[in-house]
Structure formats: C-alpha cells, structure tokens
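One-letter residues, chain by chain:
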Amino acid sequence: MTQVDLVSRLADALPADRILSGERAGDYGADEALGAVAGTPGAVVFPESAAEVAAVLAAAHATGTAVTARGSGTGLSGAAIPADGGIVVSFERMNAILDIDVDNMVAVVQPGVTLRGLDEVLAPMGLVYPVYPGEYSASIGGNIGTNAGGMRAVKYGVTRHQVLGLEAVLADGSVIRTGGKFVKGSTGYDLTQLLIGSEGTLALVTEATLRVYPRPAHQATLLVPFPTMDAVMQAVPRVVASGIGPLILEYIDLLTMNGMVRIYDLDLGVPADVVATTVAYLCVMLESTRDERLEEDVQSLAETLTELGATDVYVLPPRAGTALVEAREKAFWLAKGANADDIVDVVVPRAAIAAFLTRVGALAEETGTFVAGCGHAGDGNVHLSVFQGDADKRADVMTRLFSIGMDLGGVISGEHGIGRTKKKYFLALEDPAKVDLMRRIKAVFDPTGILNPGALFD
Ligand SMILES: Cc1cc2nc3c(=O)[nH]c(=O)nc-3n(C[C@H](O)[C@H](O)[C@H](O)COP(=O)(O)OP(=O)(O)OC[C@H]3O[C@@H](n4cnc5c(N)ncnc54)[C@H](O)[C@@H]3O)c2cc1C
C-alpha cells in the first residue's frame, strides 16, 4: 500500500489533523534503546478514544498494515520501534485520568497518562501509585506494555501487581474489558495478566484500572558503603528478611557512584577515607506513616547492616537523599553519556546476585570487556552497562552473560522487556517449547501478525 493510500484509509478512522505522515512521522521511529536501528513509519495517528483506536486497527487489519503502539518512547529494548511503512498509534492524546475511587482505592486512567501526571493528581490526595521506573515521563500504557518495575518494586511489586483491569482493542478492531475495580477473580484465563508485558504484540490497551495506596508521610534514605561486593550482596536478602520492608533497596558499584557524584554534583557526606575502601554501596529508603516508627526502623536497620559488614551507615539529610535517588534514576543517561555499547537488566534470585556478578566479572576479564552497574538489588534485578566495541565479541559476551543469569535461575529481562534489541538472545536461549507456545498465543490474538511485528519474535 502506498503512503497516500494508507493516509486516506486512516482518514476514515480519525480527523486528518491527527494523522502525521512523511518526514515528521520519523520522529516516532525510535525509543531509548541503545544501538537500535530506528524504523520509518508510514503514518502516526493520535486517537482520542477506544473507538478511534478500534477504527484504526480495523483498517490496518483489512490491509495487513503493521501497527505499533507508542506511549512516551522511553523504553530501553526497542519495543516501540515501528515496522517500516507501518502505523504508529501514539497514545499521547489519550491522557485523561477518568476516576480516582478512594473507596475502592483505584485509579482508572487512559494509557497516555504519564507517571508524573498521575502523581501530580494523587499526591495532594495523600495517595500514591507506586510503580517507579527511573523515567517519570513514561506512560501507563508503556508501563503495561513492558511490565515496568523500578525501584519501589521491592515493596510494592511491579506493574502487573497493580493493574486490576483493562480495556483493550484487539487486532481486528474489537474491544474487550478484563478485570475491574476488584482485587480478585477466578473466572477463566487471566487476560489482564496475559496482556501485561506483551509489548503491544497482542492488543492495544485503551484504559487501565490501577491500585493506589495511602502515601506514607515520612521517609528516610540510608547510604551504606561496603568493602566488598560479596558483603553487599550477602546483606540484601538479610535486609529483605528483616521485616522492615524497605521502599527502595538498590546497589550501586563504586564506578557508577563516582560517576553519579561527579555528573550530578552529589554531596553525600561520605569521608574520603571511607570512599577509598568502598567497593559498592547499598542505598536503602524506608517509609512510614509515623515518624517515631521510622526512627525505630532506621536504628534497627543500621544495626543490622553494621553486623553484616557495612563500613558505616549514613542517614542522609532529606535533600541529599532525594538527590541520590534522582541520580540513581538517571544512571541510564550516565551509561549512555559514557558511550556504553549495550545495557542489561538480567534478573536472578536475589540471593544469587553475588554469584552472578562474580561470574560476569570473570567473563569480562576473559573477553576484555568493561562492565559496570547498579541495580534493584532487592528484586535481584542487575543493571549493567557493557562496553565492548567489537560487535561480534559483544554479541558473544551478551549471550554468555544472559546464559549465566538463566543458569542461576533468572531470566533475560527483569523489566525493560525483549523488544527488538534483546530478541536474538531471547530466541536463542529461551526454552523453544515456551517460545512456540507464545507464538501460538500471538497467532490467536493477531492471526495476520500486524501488532508490533519485529518485537519479541521475528
Ligand atoms: C532514564 C531511564 C530510566 C529507566 N528506568 C527504568 C526502570 O527502573 N524500570 C523499568 O521498568 N523501566 C525503566 N525504564 C524504561 C521505560 O521507562 C519503561 O520501559 C516504560 O515502561 C516505557 O514507557 P513508555 O510510555 O515510554 O513506553 P514506550 O517506550 O512508548 O513503549 C513500550 C512498549 O509498550 C507498548 N505500548 C505502549 N503503549 C501501549 C498501549 N497503550 N497498549 C499496548 N502496548 C503499548 C509499546 O508498543 C512498546 O512495546 C527507564 C527508561 C529511562 C529512559
């Protein structure tokens, strides 16, 4: 189909001023994945309702045109990169918060609502939606597409734990609703959960019902230097098992911390002699509805961490604590600015992080690769920047690195997804029986293969 044909077909589905084609559509050809090749969409559409999304999909279905959903384009796996000549459905105009239902503790939102936009409405009400990936401009639809996690997952879980129901448009333009404003259901297959993390390959989400929580008023951030990486990783399961329930439990290796301190001008008050003996840090944030309770928890956690081999425990002043967490959120930009060739977000059982990092260290040394990072230690989710300029060598290192993670009981991606950039590793290393089952599920939802082709599968 020519671009003129495509645009005139789409003009039946929505007004012409909400269809972009030609060069300007190219702005919607990439996300934030490192090293990914951008796509060249034939058209970008900006629907304002589920009915318009349905009309676009019906037209695409009839003509066999590829369709890629797009939230804010902050994804790190190339999952929002469209097929050349295909349609990008941008959800940026479907950004209404439809309902905040305090009795049922849910928010009903359109998919283009950003995390920042939702928080701005919830915070004054004393509520919080807890999914906290490092990029607050990310959309709820994109979070659902990737099953986004982030720093607070150690306490609240990831996106799939927060989504109670969905409205979604199927490949042929029909609309389904799943779940609702209730917390349990045992009524056949759980389609809500199937759609979460499916990277826009099964259906396009047009509405989501999300859990919200009371927003604890008091927070404290602890920065905890350790002399060995092993000691850091041994401490992580103990902190989780302590019952204190940290909001954030991150590890940051020395190199990454030094970069963060320099680039983001952090003043953390750690003396130079302590920095000199530190190999990695834990960053722990606690929260509570009561100040006295928070103080007790901080005291008790500091004692536990000291027993576990921490060099010292620094309770940061609020401003420094916020600055540290914000800098940690931006660690990806640090890696990108340092010209990292690839990034990894392997997840392993949290007690296996030490073994994972030891084996990755040996792999890096053997192959002359430089590897540094940080991660959501409480979840076993390790974020590594990989510096290896030789593309063949890098592919080998990445394959072996993912294999090590899987060998330890983990999976290739904890939260960024497979998309286009991790696809070759996923297809090479994942159990073929499982991949085959996923392909068959995809074929049931999307028999002509128009939904986000190139992501997840070839
Ligand atoms: C600095 C930085 C830090 C980050 N830190 C984290 C982190 O800690 N944890 C984490 O999980 N992620 C992190 N990310 C990645 C990113 O923010 C998440 O993947 C986020 O979920 C993407 O949201 P988005 O709106 O940008 O989605 P997009 O990138 O636009 O899309 C992501 C996927 O969702 C699909 N999609 C979008 N909207 C819909 C819809 N309505 N229906 C169906 N499918 C849809 C797309 O097709 C694509 O497959 C980080 C990114 C950056 C840049």
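Residues numbered from 1 in each chain as written. Predicted model: local features only at pLDDT ≥ 70, side-chain atom pairs only at ≥ 80, totals over all residues. Heavy atoms only, no water.

**Q** Any details on the nonpolar core? Residues and values, ideally.
**A** Residues Leu118, Ile140, Leu223 and Leu324 are the most contacted members of the largest nonpolar core, which totals 55 residues. Tallying contributions element by element places helix 12 (residues 318-329) first for this core, with four residues. Setting aside its immediate chain neighbours within four residues, Ile140 contacts Val109, Pro111, Val113, Leu115, Leu118, Tyr129, Ala208 and Leu210. (Core = buried A, V, L, I, M, F, W, Y, C linked by side-chain atoms within 4.5 Å. Buried < 20%, exposed > 50% of the residue type's maximum accessible area, 1.4 Å probe, protein only. Helix = DSSP H or I, 4+ residues; strand = E, 2+ residues; numbered from the N terminus. Contact = heavy atoms within 4.5 Å.)

**Q** Tell me what's going on with the site of the ligand, and back it up with residues and numbers.
**A** The environment of the ligand is made up of 37 residues, and the closest members are Ala69, Gly71, Thr74, Ser139 and Glu415. In the environment of the ligand, an oxygen atom lies 2.8 Å from a nitrogen or oxygen atom belonging to the backbone of Gly71. Protein contact buries 98% of the 980 Å² of open area that the ligand shows by itself. Listing elements by their share of the shell around the ligand, those giving two or more residues are strand 3 (67-70), helix 4 (140-146), strand 10 (204-211) and helix 13 (331-337). No other element matches the five residues that helix 4 contributes to the shell around the ligand. (Near = heavy atom within 4 Å. Polar contact = N/O pair within 3.5 Å; in protein donor to acceptor, adjacent residues only side chain to side chain. Areas by Shrake-Rupley, 256 points an atom, 1.4 Å probe, with all protein chains shown as cover.)

**Q** Hey, could you go over the sheet that holds strand 3 for me, with residue numbers and the actual values?
**A** Taking strand neighbours across the sheet as the criterion, the four strands line up as 1-2-4-3 in an open arrangement whose pairing is mixed. Bordering the open sheet on either side are strand 1 (19-21) and strand 3, each of which pairs with just one other strand. Sheet twist, expressed as the mean angle between neighbouring strand axes with direction ignored, is 20°. Examined bridge by bridge, strand 3 and strand 4 (residues 87-90) share four bridges and lie parallel to one another. Counterpart to Arg70 in the pairing with strand 4 is Ser90. Contacts from helix 2 (residues 50-63) reach strand 2 (43-45), strand 3 and strand 4, with the element oriented near 165° to strand 4. (Pairing = 2+ DSSP bridges. Axes fitted to C-alpha atoms, helices over the stretch in contact; angles between N-to-C directions.)

**Q** Requested: an account of the packing of helix 8 (residues 229-241) against helix 14 (residues 353-367), with residues and values cited.
**A** Remark: helix 8 packs on helix 14, axes separated minimally by 8 Å, with the N-to-C direction vectors making an angle of 155°. Comparing the axis directions of helix 8 and helix 14 gives the class roughly antiparallel. Note on element contacts: helix 14 touches helix 8 through Ile353, Ala354, Leu357 and Thr358, opposite Met229, Asp230, Met233 and Gln234. Partitioning the contact of helix 8 with helix 14 into residue classes produces five nonpolar, two polar and one charged. (Parallel < 35°, antiparallel > 145°, perpendicular 65-115°, else oblique. Nonpolar A, V, L, I, M, F, W, Y, C, P; charged D, E, K, R; others polar.)

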